[in-house]
Amino acid sequence: MHGAIYSYLITWLGRIMEASPASSMTSSSLAAVLLCAAAVAFFSGADAKTTSAEVDLVTKTCADIMRHDWEWLSDDEKFCESRLRMDKKRSAAAKNPRDLALIAMDLAQRAVADADAKVAAVLRSGAGRRSKDTALTLRHCRLDYASASSAIPVCRAMVEGYNKQQLVPNDYFDCAHRLRIDTTQCWFRIIVTPDVEKLLLKEVDEARKRIELVGAMLEEMLGIVVNDHEPPRWI
């Protein structure tokens, strides 16, 4: 609505100026011009305030992390926002990056559980019978996910207590690093195993990216950017 009023006032101001050259402008015309200009400034300011209010914490935070060299986190803000908003109630009520970090950890826990369940199902189905290496790959993935699954609650407790007892930043980043290595190891094993890549890539990639999101949210929570978001060096 403000945009329409703004456009109308600009048009009206232009007509007044055309009809009243500076040399013959009457006091009433001048008053109209000044009144119109004041109205334009008012509505312009109102629009700016509305736009600012519409930018919520999720949108702002997801935009921020993409300026922190998270190119490896594919889909950019779309992935970040879409995943955090999966928990609609908590994401809408989030007051700070710590709240978002907790949401990201819970989402990561679910993704790791889903990926592990899918790997277990493929292993039971006999997908690895054609190759002993494939079966071994799947078993290694289960070990990776078992490690990540047991570490997430510990990391989450550290983040949950952040406001009461702040640890040194490296303690939080070490958690993120451990989780990242576990999920990335399985992801890499799967993408180089043609026998099961198509069967498992969706789940293992989702788990990997949600763990990346955890790392990004921890950076926001701590206000510290780690300038090393490249894949682990062993890849």
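The structure this text deals with has already been given above.
Since this is a predicted model, take the numbers as computed values, not measurements.

**Things to note about helix α6 (residues 97–125)**
- The end-to-end C-alpha distance of α6 is 42 Å, a good match for the 42 Å that 29 residues give at a rise of 1.5 Å each.
- Just past α6, the residue Gly126 takes up positive phi, approximately 90 degrees.

**Quick word on the packing of aromatic side chains**
- Enumeration according to the criterion identifies one aromatic pair in this entry.
- Seen in terms of ring centroids, Tyr162 and Tyr172 are 5.8 Å apart; in terms of plane orientation they differ by 80 degrees. Their pairing is edge-to-face. Here Tyr162 is found in the loop between α7 (132–160) and α8 (169–191), whereas its partner Tyr172 is found in helix α8, with 10 residues between them in sequence. There is no split in this pair, since Tyr162 and Tyr172 are both buried.
- Over the ring of Trp187 we find Arg208; its NZ or CZ atom is 4.7 Å from the centre of that ring.

**What about the pattern of salt bridges?**
- Taken as a whole, this structure holds 17 salt bridges when the rule is applied.
- Arg85 serves as the salt-bridge partner of Asp56, at 3.0 Å between the closest nitrogen and oxygen. Taken together, the residues span a long stretch of sequence, with Asp56 in the loop between α2 (27–54) and α3 (57–65) and Arg85 in the loop between α4 (76–84) and α5 (88–93) at a distance of 29 residues.
- On the basis of relative accessible area, Asp56 is assigned to the partly exposed category, the value being 30%.
- When the shortest N-O distance is used, the salt bridge between Glu160 and Arg156 registers 3.4 Å. Here the residue Glu160 and the residue Arg156 both occupy positions in helix α7, the gap between them amounting to four residues, near one helical turn.
- Through salt bridges that share partners, Asp87, Arg90, Asp106, Arg156 and Glu160 make up one connected network.

About the cut-offs
Residues numbered from 1 in each chain as written. Predicted model: local features only at pLDDT ≥ 70, side-chain atom pairs only at ≥ 80, totals over all residues. Heavy atoms only, no water. Helix = DSSP H or I, 4+ residues; strand = E, 2+ residues; numbered from the N terminus. Expected span 1.5 Å × (residues − 1). Phe/Tyr/Trp six-rings, centres within 6.5 Å; stacked < 30°, edge-to-face > 60°. Buried < 20%, exposed > 50% of the residue type's maximum accessible area, 1.4 Å probe, protein only. Lys NZ or Arg CZ within 6 Å of the ring centre and 35° of its normal. Salt bridge = Lys/Arg side-chain N within 4 Å of Asp/Glu carboxyl O.

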